[in-house]
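# Secondary and tertiary structure notes
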Amino acid sequence: MNNKISFLLSSVRSMHRCSSVLTPKSSSATRKHILWIGRYWNPLENVKFRKLNIHPCLHGSSLRFLSQRTDVFSTGAEMQPEKSTEDLVSEQASQRSLELEKLDDSGSFKMKPVMDHSEPFFNSLQKCTCPCDVLDLASESAVTSKHFTNCLTKVWKLFKNLSEDQQRYEKQLIFEHPAFVKLCQQLLQDSRRMTRGDLVFNLHAVVNLGVPQNTRLVQTLVRVCQEKLNQFDNRCVSVLATTLSGMDKDKNVSALQAGLQLLVEQRIPSIRDIFILQNLIKCVGKDAPVFLKKKLEMAVLKEIDHLTFPNALRMFLALVAMNYCSVPILNACSKMIQENIHDVPFRQLLLILEACYHLQYRNEKLFSALADYVGSTVCLWDKKQIILFLSVFELLGFHPSELMDTFAEKVTEDPEFLNLKNLLIVLRVYSRLNCVPRGQKDLFLETLHSCLNKYLPEISNTDLLRAVYSLCILGYLPHRALDELLKKHSRDELLLSDDLYKEQKEMMLRNVKACMELDSPSFMKPAFVLTENLSSSVSLNLRKAREALIELLGNENMFRQNVQLPYKYHIDFEIRMDSERKKVLPVAAADDQTNSRVQRLAFLFVPLSAFCLGTTHPQGKLAMKKRHLNKLGYHVILILNKKFQEMTNEDAIEFLKGKIYSENSFSEVTMQDNN
């Protein structure tokens, strides 16, 4: 008898389990009975909640805040559970629920419902044009678990296409709509029974709609994702990765990210979709171990032949999110962008350039293509847009000469569009890149000076210093602005201010003073220049040059090293020669001769960053130093130190010999291998 009763109870339990999966509209009483018979434990029961102040519509039992507790879960591939009846139903439903399309230009997911279009509800859903239309439809219809996922994702799809101002207004309407609260409550109740695809898409939707992360709804979805993580396919992993990348780090999110990172590491060899790989790259983030970043890099390179134009645009941002500069990937993406440059929108162009700056990726061909494209379509661009482009090019150290000449013409033709902010940007860009427009130098600089004078009554002392410093670098002395800057109260405010930029301000003031003296028309070349040796030793990167000079000239008495000049200018090596540049004079003998019979050569070994990218065009500070050393009586020879260090000893000696005895050597910069 006991055996028969046990068999009967066992059969009843099995029937109830099946009915709980296959009957989503079971009554609450039946559901409680099933949970009691099946001894189902709900981990969200017996959890203490704390109430916080949020939007009124989010108050209620379904959206109370959950204390953060990290579930324990495993990510080993060998621990995949057997598929239950719920899993089989889930997989079948996920095929007709939602499909993932590729990202659009904004970088957001597109949700494409796959549904029976004969159903009136879904036909009406497709006709909705704003989020509140969807919620109105949901309130008027009998929404089931099959429907509310599509409703939420449709709300998000419509919401993300609105402008920022529209989103702020629409978000308030969404949160105050009764149907939204109802959808969230149903989502919370069904979170553990919904398909895995619906689970990740719903989490993606509610997070991006702005539901607070510490609500019970979001925390429950995150914890259910923890429990089902091993069961997610690559598509679900991709959506989840994108969602987590936009969430704050709390205990549950961090635990889920850690598990996702382990899962990604295992799944990388099996992923063949660049789109999914991009999402995973963004998810692992900057703190991921280097070996994982390299694995992702190799996975992308294996599929690089299938790279599409949209993928190429998004790859820059993905690598920035991971803080990893993969030159092979970026080169392939750059080539794709150059071939389709006319299809790149304005915002995307800026993001690409900014990504190159953050990744320290320098591709002269890509930058030239972008600059040529903007220059060839300059009539279609707003002047402020061009200023933004030039500002990013300045950060990259790239000199788009034709574009800058064209823009200079627009400034001289119509300077009224330059407000103070844009004026300061233009001054900074042209001075740092040492760009003087061909044929209109004086007119351009006078126009900028005139604009600066207009803002003198309202400009701050710091901005005034920056503006004057930029004009001085270009060799132009703005007298009225200088008088305003050098007033006693302005200098005291600048020099006595205790901020992070105090040293920079002191340097700028020192250079302004040097320009006032050396660039003044009344300045006369001195009969002699007071110099001193800072030290008899030289830095490690100049030892090769010193040894080559000793080998070439015979001994150390034939040159000076580490020389300090007035105005705090410094030169690496100084050589003195006769007036015909035929003979090198010993330092002591040259001091006894008149200045007219001696020529002084100043050798400056400069880094690659002192020149504009891919050229021998010196940037602003180096150009100013070269100009001032010429005023002090030196012939300046600029040598790219990196290229010099790559030479053999014999080649280095021959190179220096050619520079010393060549009459025109001081006017050129040597970059031997830069073809």
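Residues numbered from 1 in each chain as written. Predicted model: local features only at pLDDT ≥ 70, side-chain atom pairs only at ≥ 80, totals over all residues. Heavy atoms only, no water.

## As for the overall build of the protein chain
A tally of helices and strands in the protein chain yields 31 helices and eleven strands. Here the protein chain, with 675 residues, has 51% of them falling under the buried criterion. Of the contacts made within the protein chain by residues no fewer than 6 positions apart, 73% connect residues no fewer than 24 positions apart. Here the protein chain displays about 33,600 Å² of accessible surface, and carbon together with sulfur accounts for 51% of that area. (Helix = DSSP H or I, 4+ residues; strand = E, 2+ residues; numbered from the N terminus. Buried < 20%, exposed > 50% of the residue type's maximum accessible area, 1.4 Å probe, protein only. Contact = heavy atoms within 4.5 Å. Areas by Shrake-Rupley, 256 points an atom, 1.4 Å probe, with all protein chains shown as cover.)

## Let's talk about the pairing of strand β7 (residues 570-578)
Counting buried residues along β7, eight of its nine residues qualify, which places the element largely inside the surrounding structure. Pairing geometry for strand β6 (residues 560-564) and β7, over four bridges, is antiparallel. Looking across to β7, one finds that Gln564 is bridged to His570. In this structure, the hairpin formed by β6 and β7 is closed by a connection of five residues, where Tyr567 is found at a positive phi of approximately 65°. One ladder, built from six bridges, connects β7 with strand β9 (residues 598-606); its direction is antiparallel. By the bridge assignment, Ile575 is partnered in β9 with Leu601. Taken together, the two bridges between β7 and strand β8 (residues 584-585) define a ladder with antiparallel strand orientation. Residue pairing in the sheet places Met577 in a bridge with Val584 of β8. In sequence, β7 turns back onto β8 through a hairpin of five residues, with Arg581 there showing a positive phi of about 60°. (Pairing = 2+ DSSP bridges.)

## Quick look at the state of the cysteines
For the structure on display, the rule yields zero disulfides. Unpaired in this structure, Cys128 has its nearest cysteine sulfur neighbour in Cys130, at a distance of 7.6 Å. Residue Cys132 stays outside any disulfide, its sulfur separated by 5.5 Å from that of Cys130, the closest cysteine. Residue class for Cys132 comes out buried when judged on its relative accessible area of 13%. (Disulfide = S-S within 2.5 Å.)

## Remarks on helix α9 (residues 196-209)
Taking 1.5 Å of rise per residue, 14 residues should cover 20 Å, and α9 covers 20 Å from first to last C-alpha, within 8% of that figure. Most of α9 sits inside the fold, with 13 of its 14 residues counted as buried. Gly210 occupies a position one or two residues after α9 and carries a positive phi of about 100°. (Expected span 1.5 Å × (residues − 1).)

## Observations regarding the packing of helix α23 (residues 461-473) against helix α29 (residues 620-631)
Contact geometry for α23 and α29: axes closest at 9 Å, N-to-C directions at 55°. Classified by the angle their axes make, α23 and α29 are oblique. For the pair α23 and α29, the contacting residues are Tyr469, Cys472 and Ile473 in the first and Gly620, Lys621, Met624 and Arg627 in the second. (Axes fitted to C-alpha atoms, helices over the stretch in contact; angles between N-to-C directions. Parallel < 35°, antiparallel > 145°, perpendicular 65-115°, else oblique.)

## Some remarks on unusual backbone geometry
With a phi angle near 60°, Lys568 is a residue other than glycine that sits in the positive phi range. In this fold, Lys568 is placed in the loop between β6 and β7. Looking at Lys568, the relative accessible area reads 61%, which means it is exposed. Non-glycine residue Arg581 carries a positive phi angle of around 60°. Judged by its relative accessible area of 4%, Arg581 is buried.

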